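Okay, here's what each chain looks like letter by letter:
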Amino acid sequence: MAIALKNDMKRERNAAECENFTHEMKSKSFQRNLLLSIGGVFLLFAVCFSVYQYQREKEYKIDILHSRLQMYNYEMVQTLGDDSLANSRLFHDYVNRHNVEGLRVSIIDKEGRVILDSYDANVDSLGNHLLRKEIQQALHDGNGYDIKRISQSTHETYFYSATRFGNVIVRAAVPYSAELTRSLQADNTHIYFAIALTVLLGIVLYLVTHRISRHIGYLREFAVKAEEGEELDHELERRLPDDELGDISHTIIMLYWKLRHSEEDKVRIKRQLTQNAAHELKTPAASIHGYLESIIDNPGMSEEKKNHFLERCYAQSERMNKLLLDMSALTKLDEMDGIKSREDYHQVNVLQVIQSVLDDTALQLQAKGIAPSLQVPQHVEVQGDASLIYSIFRNLVDNVIAYATGASCLKIECTEVETEGRHFYEFVVSDNGQGVGQQHLEHLFERFYRVDKGRSRKLGGTGLGLAIVKNAVAAHGGTAIAELTPSGGLTIRFSLARF
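A brief look at the structure comes next. (Residues numbered from 1 in each chain as written. Predicted model: local features only at pLDDT ≥ 70, side-chain atom pairs only at ≥ 80, totals over all residues. Heavy atoms only, no water.)

Enumeration over the complete set of coordinates arrives at one cavity of 30 Å³ or more. Within this model, the largest cavity holds a volume of roughly 40 Å³. Together, Leu396, Asn399, Val400, Val429, Asp431, Leu490, Thr491 and Ile492 line the largest cavity. When contributions to the lining of the largest cavity are tallied by element, the ones reaching two or more residues are helix H10 (386-403), strand S10 (422-431) and strand S12 (490-497). In terms of residue class, the lining of the largest cavity is built from five nonpolar, two polar and one charged. (1 Å grid on protein atoms, 1.4 Å probe; cavity = no way out; pocket = protein on both sides within 12 Å on 5 of 7 lines; lining within 4 Å. Points joined across faces, edges and corners; volume = space filled by probe spheres on them. Helix = DSSP H or I, 4+ residues; strand = E, 2+ residues; numbered from the N terminus. Nonpolar A, V, L, I, M, F, W, Y, C, P; charged D, E, K, R; others polar.)

Through backbone hydrogen bonds, the strands of a sheet pair up, either in parallel or in antiparallel fashion. Spatial ordering of the open sheet is given by S7-S9-S10-S12-S11, a layout of five strands whose pairing is mixed. With one partner strand each, in any of the chains shown, strand S7 (371-375) and strand S11 (480-484) form the two edges of the open sheet. With direction set aside, neighbouring strand axes in the sheet form an average angle of 20°. Docked against the sheet, helix H8 (residues 350-360) engages S7, strand S9 (409-419) and S10, running at close to 175° with respect to S7. (Pairing = 2+ DSSP bridges. Axes fitted to C-alpha atoms, helices over the stretch in contact; angles between N-to-C directions. Contact = heavy atoms within 4.5 Å.)

Here five bridges tie S11 to S12, and the two strands are oriented antiparallel to one another. Its bridge partner lying in S12, Ala482 is registered against Ile492. Taking the residues that link successive antiparallel strands as the turn, the S11-S12 hairpin has five residues, and the phi of Gly488 there is positive, at about 110°.

If you look at soluble globular proteins, the nonpolar side chains tend to sit buried side by side. Judged by nonpolar contacts, the single largest core of 43 residues is most densely connected at Ile354, Ile392, Phe393, Leu396, Leu410, Phe427 and Phe494. Of all elements in the fold, only H8, H10, S9, S10, helix H12 (465-475), S11 and S12 reach the threshold of two or more residues within this core. For this core, the element with the highest residue contribution is H10, accounting for eight residues. Contacts of Ile354, omitting those with residues within four sequence positions, involve Leu374, Val376, Phe393, Ile412 and Phe427. Leu85, Val95, Leu103 and Val170 belong to the second-largest nonpolar core, a separate cluster that totals 22 residues. (Core = buried A, V, L, I, M, F, W, Y, C linked by side-chain atoms within 4.5 Å. Buried < 20%, exposed > 50% of the residue type's maximum accessible area, 1.4 Å probe, protein only.)

Moving on to the packing of H10 against H12. Between H10 and H12, the least distance of the axes is 9 Å, while the angle of their chain directions is 150°. Here H10 lies roughly antiparallel to H12, going by the angle between them. Here H10 and H12 pass one another in a crossing that is left-handed. Here H10 contributes Leu388, Ser391, Ile392, Asn395, Leu396 and Asn399 to the contact with H12, which in turn contributes Gly465, Leu466, Ile468, Val469, Ala472 and Val473. (Parallel < 35°, antiparallel > 145°, perpendicular 65-115°, else oblique. Left-handed = near helix turned anticlockwise from the far one by under 90°.)

Before going further, it helps to examine the packing of H8 against H10. It is at 9 Å that the axes of H8 and H10 come closest, and there the two elements cross at 40°. With respect to each other, H8 and H10 are oriented oblique. Crossing geometry of H8 relative to H10 is assigned as right-handed. Touching Val350, Val353, Ile354, Ser356, Val357 and Asp360 of H8 are Ile389, Tyr390, Phe393, Arg394 and Val397, all from H10. Residue composition of the contact of H8 with H10, grouped by class: eight nonpolar, one polar and two charged.

Moving on, we get to H12. Counting buried positions along H12 gives eight out of eleven residues, so the element sits mostly inside the fold. After H12 finishes, the residue Gly477 shows a positive phi value of roughly 80°.

Its 18 residues place the ends of H10 26 Å apart at the C-alpha level, agreeing with the 26 Å of an ideal helix rising 1.5 Å per residue. Burial in H10 covers these residues: Leu388, Ile389, Ser391, Ile392, Phe393, Asn395, Leu396, Val397, Asn399, Val400 and Ile401. (Expected span 1.5 Å × (residues − 1).)

On the surface, Tyr192, Ile195, Val199, Ile203, Tyr206 and Leu207 cluster together into a nonpolar patch covering about 630 Å² of accessible area. Classification of Tyr192 by relative accessible area gives exposed; the value is 55%. (Patch = residues over 30% accessible without salt bridge, like charges linked within 9 Å, V, L, I, M, F, W, Y side chains within 5 Å. Areas by Shrake-Rupley, 256 points an atom, 1.4 Å probe, with all protein chains shown as cover. Salt bridge = Lys/Arg side-chain N within 4 Å of Asp/Glu carboxyl O.)

Along the polypeptide, Ser387 turns up in helix H10. The partly exposed category is assigned to Ser387, whose relative accessible area is 43%. Between the C-alpha atoms of Ser387 and Val353, which are 34 residues apart in sequence, the distance is 9.0 Å. A polar contact is formed between the side chain of Ser387 and the side chain of Asp385, at a distance of 2.4 Å. (Polar contact = N/O pair within 3.5 Å; in protein donor to acceptor, adjacent residues only side chain to side chain.)

Pasting the structure below:
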């Protein structure tokens, strides 16, 4: 038995270690993918930039050499003149006077024939140069060059630069010596700089991705624990970064806690509602049972007493029916989910609803000596549910009839207000009765709350009327509060969204 227990514990420990390793590998995989994707893009950019810069600098140095040889060509033409370029003596004298080591100068006509050459006096053996790259460019663009072409006459590698002057082309060439090769090579400093910058940014990128991966790992840990119902680490939230990622993570965690607390509140409210409902139903059920038992156990009971008991049974059954209807209304309001439930809303004329409530309660108001006063504009319309709006005003009027002892006036007023860009109708329902104590105001909208429990049950109240009012008002985008009427009595102030 002990061995089996040890094996089970070992398997559980191995499973936990395997799960942690999996989470760690996923975190590293995310970091690796992010690092490779961003780093790869930057590395590709760095390589492309280095190649481009190398080629650009190389072309720049070639342009400098080409420009220098072009200057030599122009100076020769300006010194000798266009008419003297074909004069062999003047040509060789100029080349000798302006001697540059290894420099070779040729005069070529537009047909590609070599007229003069500073290196070879036998120009007939040099062949036609018309198809040479630098000659073609000079004929087309006025000047041109060619890089690292081997001379057919000297078999040396030259850099050629040709310039067209009328019907002739002056071409200067310098051999590719080690010094010239070095001077034409691009400077590699930018490559070293790019490598150093790449390494530096790679380190920074690694640190950033590692930080992001670590905090995403924290968030995943929270999500896994929440999904599996484990004890949540409250220190987790403190480890979040103080930036946009931390704000998003913090918001997600807060939403989770709000949702969890909301679900817990719903469960608690439903449990409380069930318990209170059972308690409230027990009294009328016991009364009905007692009255009926008395009638059955006493066959000789007088008709007058029997009718009295039956009337009490009927009154208690009405009370039970009212309680069940109120509980059904509250359940419906609790299950309403905002936008989805409001798809069935339509325009409701609130004034007509109020007048309907006053007509339905006219006899009770008259019996209590309460005169209604209505100060509501003619066209007060809201987007909502007519039955819920009726229940708001009906419960408020019934509350005045039942509990506003000594009241002689019931006022219903309405004004239009604007809050944060939204338009509301604010309603005030007040009486001049005995009112309630200040300590009761914040509890009046709680379910089954009673200021005087014994008296309320005698009057047949369910204790759910104002709770229905608050939830129905909230379903229409408004809020409800209770206040003491300055002249005595109770005031209920609530709002309904206009649209």
